[in-house]
Amino acid sequence: MSLTRLIYVSTITSEFSLGDIDKILESSYRRNSANNISGVLYFSTRYFMQYLEGDRADLEETYARIIQDRRHANCIVYELEPIEKREFEDWSLAYIPQSESLRSLNSRFMQSAQFNPYDIPQQNVFAFILELKAYLPRVYLEGLTC
Ligand code: FAD
């Protein structure tokens, strides 16, 4: 087992609609659990950023499937690195939608409150993911109170 992390960003296409989020998450929970992959998906109005961790061969097989998905395009891999431990071991795929509380995080990493993951310098991408992880409980609580 070669534990690895993968971080990529992408842009929605005209084939994407908001209702696809639930379908994507359903496929991802099922497939990632079966492949012992964990991670997080961050979605704003136009962009995705996804962090996945697991065995390198499983990650490469999963990513090969993901980039065939016509609901997004312009996939750019920011990192494919060996790691020693998982960051999201309890999540086959945590999901973080854009929310008010993330605007200040966006501003710090992207010089704008609007999420545009193509603007994050590559060397800061993993730090951004770790900060997102810290936001997870708050984002879920906000979702429950909406
Ligand atoms: P199903 O789950 O049976 O497919 C369900 C439905 O999704 C289909 O009926 C169809 O409507 C739609 N669909 C499936 N594939 C496509 C496609 N290529 N183009 C357009 N519509 C399609 N998959 C993972 O396994 N793990 C992930 O972490 C993951 N993350 C994703 C992140 C993003 C941003 C996107 C866009 C997709 C992600 N996916 C992920 C989904 C992946 O791209 C495949 O759609 C999925 O893995 C296919 O699973 P399945 O063969 O079991 O299809």
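Quick caveat, the model's predicted, so the values are computed rather than measured. (Residues numbered from 1 in each chain as written. Predicted model: local features only at pLDDT ≥ 70, side-chain atom pairs only at ≥ 80, totals over all residues. Heavy atoms only, no water.)

> Help me understand the overall build of the protein in this model?
Scanning the protein from N- to C-terminus turns up four helices and five strands. Ordered by position in the sequence, the α and β elements of the protein form the string β-α-β-β-α-β-β-α-α. The C-alpha radius of gyration of the protein comes to 14 Å, within 12% of the 15 Å expected for a compact globule of 146 residues. A principal-axis box enclosing the C-alpha atoms of the protein has dimensions of 40 × 35 × 30 Å. Counted over contacts in the protein with a minimum sequence separation of 6, partners at least 24 positions apart contribute 78%. Put simply, the protein shows about 7,800 Å² of open surface, and 51% of that area lies on carbon and sulfur atoms. (Helix = DSSP H or I, 4+ residues; strand = E, 2+ residues; numbered from the N terminus. Rg over C-alpha atoms; globule rule 2.2 N^0.38 Å. Contact = heavy atoms within 4.5 Å. Areas by Shrake-Rupley, 256 points an atom, 1.4 Å probe, with all protein chains shown as cover.)

> Explain the site of the ligand to me, please; I cannot follow it from the model alone.
Near the ligand, the surroundings consist of 18 residues, among which S27, R30, R31, R65 and D69 are the closest. Residue R30 places a side-chain N or O atom 2.6 Å away from an oxygen atom belonging to the ligand. The contact in question runs from an oxygen atom of the ligand to an N or O atom on the side chain of Q50, over 2.9 Å. Elements supplying a minimum of two residues to the shell around the ligand: α1 (20-34), β3 (47-55) and α2 (56-66). The biggest single contributor to the shell around the ligand is α1, with six residues. (Near = heavy atom within 4 Å. Polar contact = N/O pair within 3.5 Å; in protein donor to acceptor, adjacent residues only side chain to side chain.)

> Looking at this structure, how should I read the packing of aromatic side chains?
In this description, an aromatic ring pair is defined by two values, namely the gap between the centres and the angle between the planes. Under the defined criterion, the tally for this structure stands at 11 aromatic pairs. A centroid spacing of 5.5 Å and a plane angle of 55° characterise the contact between F16 and F43, whose relative ring orientation is tilted. Linking F16 in the loop between β1 (3-12) and α1 with F43 in strand β2 (residues 38-43), this pair joins segments that are 27 residues apart in sequence. F16 gets classed as buried once you look at its relative accessible area, which sits at 11%. Note on F115 and F128: the rings are 6.2 Å apart at their centroids and 15° apart in plane angle, and the pair reads as stacked. (Phe/Tyr/Trp six-rings, centres within 6.5 Å; stacked < 30°, edge-to-face > 60°. Buried < 20%, exposed > 50% of the residue type's maximum accessible area, 1.4 Å probe, protein only.)

> Looking at this structure, how should I read helix α3 (residues 103-110)?
Quick reminder: α-helices carry 3.6 residues per turn. Residues three or four places apart thus point the same way. Among the residues of α3, those classed as buried are L105, N106, F109 and M110. Axial view of α3: buried residues confined to an arc of 100°, hence all on one face. Count one or two residues on from α3 and you reach Q111, which has phi positive near 60°. (Arc of directions from axis to C-beta.)

> Sorry, what's going on with the UniProt feature "domain: BLUF" (unreviewed entry) in the protein here?
UniProt's feature table lists "domain: BLUF" (unreviewed entry) at residues 3-94, given in the numbering used throughout. For residues 3-94, helix accounts for 28% and strand for 40%, while the C-alpha atoms at its two ends are 19 Å apart. (UniProt positions renumbered as here; feature names shortened; annotations may be inferred.)

> Hey, could you run me through the environment of F48 in this one?
Tracing the chain through its elements places F48 in strand β3. Residues F48 and I12, spaced 36 residues apart in sequence, show a C-alpha to C-alpha distance of 7.5 Å. Apart from the residues within four sequence positions on either side, F48 is in contact with Y8, V9, S10, I12, F16, I21, I24, L41, Y42, F43, H72 and P117.

> Help me understand the sheet that holds β3, please; the structure alone is not making it clear to me.
Pairing between the strands of a sheet comes from backbone hydrogen bonds, and it takes one of two forms, parallel or antiparallel. In space, the five strands of this open sheet follow the order β4-β1-β3-β2-β5, with mixed pairing throughout. Because the sheet does not close on itself, it has two edges, and the strands there are β4 (72-82) and β5 (94-97). Mean inter-strand twist for the sheet, computed between neighbouring axes without regard to direction, equals 15°. (Pairing = 2+ DSSP bridges. Axes fitted to C-alpha atoms, helices over the stretch in contact; angles between N-to-C directions.)

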